[in-house]
Structure formats: structure tokens, C-alpha cells
Amino acid sequence: MADRVFPVRTGLPRWLLLPSAAGFALVLLPLAALAGGVQWSRFFTAVRTTASQDALWLSLRTATASTVLCVLLGVPMAAVLARSRWRGLPLLRAMVLLPLVLPPVVGGIALLYTFGRQGLLGKQLEAAGIHIAFSTTAVVLAQTFVALPFLVLTLEGAMRTAGNHYEQIAATLGARPTTVWWRVTLPLLRPALLSGAVLSFARALGEFGATITFAGSLQGRTRTLPLEIYLEREADPDAAVALSVLLVIVAILIVLIAYRRSGPMPGTALQSGRSAIREWWRPGTQPRPDTGANR
């Protein structure tokens with residue numbers, strides 16, 4: 001009855017359409033112009049060359065390896081930043097997120113002075129017969145260096161938003177910290193983890209500056225697709241445009257497949273938390289809570 005007397009308008013304000021349209025145009029128009037600049041008669045010839053295929057498969061392999069490394073390192077880092085409480089945490093967070101604002105070339109120089117032959121750790125590694133600079137491993141490290149903050153930032157924000165309410169409930173029910181982490185915390189973070197991993201993969205796939213500085217440009221070994229595009233830009237601009245379109249297509253496909261395979265996202269943190277607690281807590285299989293301590 002109240003809705004008939006006082007109609008309620010829902011949705012976005014109309015004035016948001018203008019800046020959003022400008023933003024979409026800023027992203028989509030350059031891509032459309034890039035596609036329009038391709039000589040499609042030469043497209044398959046350009047992308048079928050040995051150098052192009054080597055660069056593409058190297059980019060996919062190294063980006064996948066760096067994404068795995070980002071997940072293995074970034075998830076614990078995000079948990080420490082979101083759950084720890086000490087004075088030096090803001091400074092540590094700023095240092096972790098520094099690659100987001102640093103020019104990639106600076107990151108490559110920093111890696112070179114760390115893992116190069118005369119670097120901080122490179123001297124000991126060289127003495128042990130381990131060569132990192134200007135190798136495929138250097139490509140993975142360079143991509144991880146620039147992509148890791150994307151996953152850490154995404155997961156830390158998700159953990160702060162979700163809070164630790166359900167983790168406390170699981171601990172009250174008798175779960176140990178490791179059990180809480182695997183059975184409650186990680187299920188809550190699954191959507192954010194997927195988003196962060198996709199962002200990290202996309203950033204690693206397009207990395208250029210740190211890679212060429214730290215790993216060089218050796219065909220089949222360190223020359224990724226962005227480096228191949230840069231070299232072709234000087235020798236054959238049409239081939240460079242074709243390879244650029246190929247990189248855009250691969251990135252779009254990877255993102256779409258990743259989000260499609262993720263399944264339906266939980267609507268709220270409340271639903272995710274209840275599902276995680278319900279899955280872990282099964283009466284008769286878990287230790288009984290200490291009800292006396294909670295009175």
C-alpha cells in the first residue's frame with residue numbers, strides 16, 4: 001500500500017551513464033582501432049612464424065608459473081597483512097604494494113641487483129652453479145614481482161571485508177588454527193582468490209619492462225610475446241599489430257574461461273560463512289565445544 005502512495009525508484013542515477021560511457025569508450029575504442037588496423041590477410045601468416053609461436057607459448061607457460069607462485073606466496077602474505085596487528089604493518093604493506101606504482105624497469109633493475117651474477121644473492125647462487133638472470137626463471141620472477149601485489153591487495157581487502165566472525169565460531173567449536181584456515185577461511189576467500197589469480201595472470205602475461213631488463217630477449221628462452229611485439233614494431237609494424245591482437249584475444253579467452261569455470265559466486269559473506277561452518281562442523285565427527293568456558 002505504501003509503495004502505491006509513495007513509489008520507490010530503484011537503480012542507478014541517470015547522471016552516472018555519461019561518465020561510465022566515457023570510461024567504456026576509453027577502454028573499447030583503442031581495442032576497436034587496433035582490430036581495425038590489422039591486415040587480416042596477413043594475420044595468420046604473422047602469428048604462425050616460429051618466433052611468434054615460441055613467444056606465445058613461453059608467455060603462457062611463464063604466466064601460469066608466476067600465477068601459481070603468486071598464489072603460494074600471496075595468500076599467506078594477505079592473511080598476515082589482514083589479521084596481524086603490529087606497528088610496522090603499514091610500512092610492510094606499502095613495500096609489498098610498491099611494484100604497483102614503480103616503473104617495471106625499476107623492478108627489473110632491482111631484481112638484477114638481487115639475483116644477477118654480482119647481485120645480493122646472485123653471487124652465492126652463481127657459486128652454487130645456479131644461474132637465474134637472463135633465463136626463463138628470471139622471466140617467472142620478473143612477472144611474479146609485478147603481479148604479486150594484485151593478488152595480495154585483492155585477498156587482503158576480501159579478508160578485511162569478511163572479518164573473522166566465522167573463524168572465531170569455528171575456533172569456539174574446537175577447531176585448530178590450521179583446520180580453521182583450510183575449512184573456513186579459504187572457502188570464504190574462493191571468489192576473491194580466483195579474481196586475484198586472474199588479475200595476476202593477466203598482469204604477468206602483459207609484463208614487458210621488468211622482463212627485458214632482468215631476463216633479456218632470447219628467442220625461445222626469455223622472449224615473451226610482449227617483447228616479440230616490441231621487436232616486430234621496429235621491423236614489421238603490421239606483424240606487430242597482428243601479434244597485439246593475438247595477445248588481446250588470448251587474454252580475453254583466459255579471463256572468460258577462468259570466471260566461467262569458477263561457478264556461481266556466493267551472494268554474501270554471510271552465506272559463504274554459514275556454508276563453510278556447516279561443512280566443517282558435523283556433530284559426532286568433530287570435538288565437542290567447551291560450553292563451560294563460554295558461560
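Residues numbered from 1 in each chain as written. Predicted model: local features only at pLDDT ≥ 70, side-chain atom pairs only at ≥ 80, totals over all residues. Heavy atoms only, no water.

1. A closer look at the side chain of S244
At step 1: In this structure, S244 sits in helix α13 (residues 237-261).
At step 2: For S244, the side chain forms a polar contact with the main-chain oxygen of A240, separated by 2.8 Å.
At step 3: In contact with S244, other than residues within four places in its own chain, are L34 and I229. (Helix = DSSP H or I, 4+ residues; strand = E, 2+ residues; numbered from the N terminus. Polar contact = N/O pair within 3.5 Å; in protein donor to acceptor, adjacent residues only side chain to side chain. Contact = heavy atoms within 4.5 Å.)

2. Brief notes about the packing of helix α4 (residues 50-83) against helix α10 (residues 177-205)
At step 1: One can describe the packing of α4 onto α10 by two numbers: an axis separation of 9 Å at closest approach and a directional angle of 140 degrees. With respect to each other, α4 and α10 are oriented oblique. Relative to α10, α4 is oriented so that their crossing is right-handed. Here α4 contributes S59, L60, A63, T64, S66, T67, C70, V71, V75 and A79 to the contact with α10, which in turn contributes W181, L186, L193, A197, S200, F201, A204 and L205.
At step 2: Grouping the constituent residues of the contact of α4 with α10 by class yields 13 nonpolar, five polar and no charged. (Axes fitted to C-alpha atoms, helices over the stretch in contact; angles between N-to-C directions. Parallel < 35°, antiparallel > 145°, perpendicular 65-115°, else oblique. Left-handed = near helix turned anticlockwise from the far one by under 90°. Nonpolar A, V, L, I, M, F, W, Y, C, P; charged D, E, K, R; others polar.)

3. Re the nonpolar core
At step 1: If you look at the biggest cluster of nonpolar residues, it comprises 38 residues, and the most contacted ones within it are L155, L205 and L225.
At step 2: Taken together, the elements giving at least two residues each to this core come down to α3 (40-47), α4, α5 (89-96), α8 (136-162), α10, α12 (225-235) and α13.
At step 3: The biggest single contributor to this core is α4, with 10 residues.
At step 4: Sequence-distant contacts of L155, defined by excluding residues within four places in its chain, comprise V75, A78, L189, A192 and L193.
At step 5: Counting residues in hydrophobic clusters, the runner-up holds 10 residues, among them A133, V139, A210 and F214. (Core = buried A, V, L, I, M, F, W, Y, C linked by side-chain atoms within 4.5 Å. Buried < 20%, exposed > 50% of the residue type's maximum accessible area, 1.4 Å probe, protein only.)

4. Concerning the UniProt feature "transmembrane region" (unreviewed entry) in the chain
At step 1: Feature annotation in UniProt places "transmembrane region" (unreviewed entry) on residues 59-82, 94-116, 128-153 and 239-259, given in this structure's numbering.
At step 2: For residues 59-82, the end-to-end C-alpha separation is 32 Å, with 100% helix and 0% strand making up the annotated structure.
At step 3: Counted over residues 128-153, helix gives 69% and strand 0%. Its end C-alpha atoms are 35 Å apart. (UniProt positions renumbered as here; feature names shortened; annotations may be inferred.)

5. Re the packing of helix α9 (residues 165-172) against α10
At step 1: Between α9 and α10, the least distance of the axes is 10 Å, while the angle of their chain directions is 160 degrees. Of the possible angle classes, the one that applies to α9 and α10 is roughly antiparallel. Relative to α10, α9 is oriented so that their crossing is right-handed. Each of Y166, E167, A170 and A171 in α9 lies in contact with α10, whose residues at this interface are V180, V184, T185 and L188.
At step 2: The class makeup of the residues in the contact of α9 with α10 is six nonpolar, one polar and one charged.

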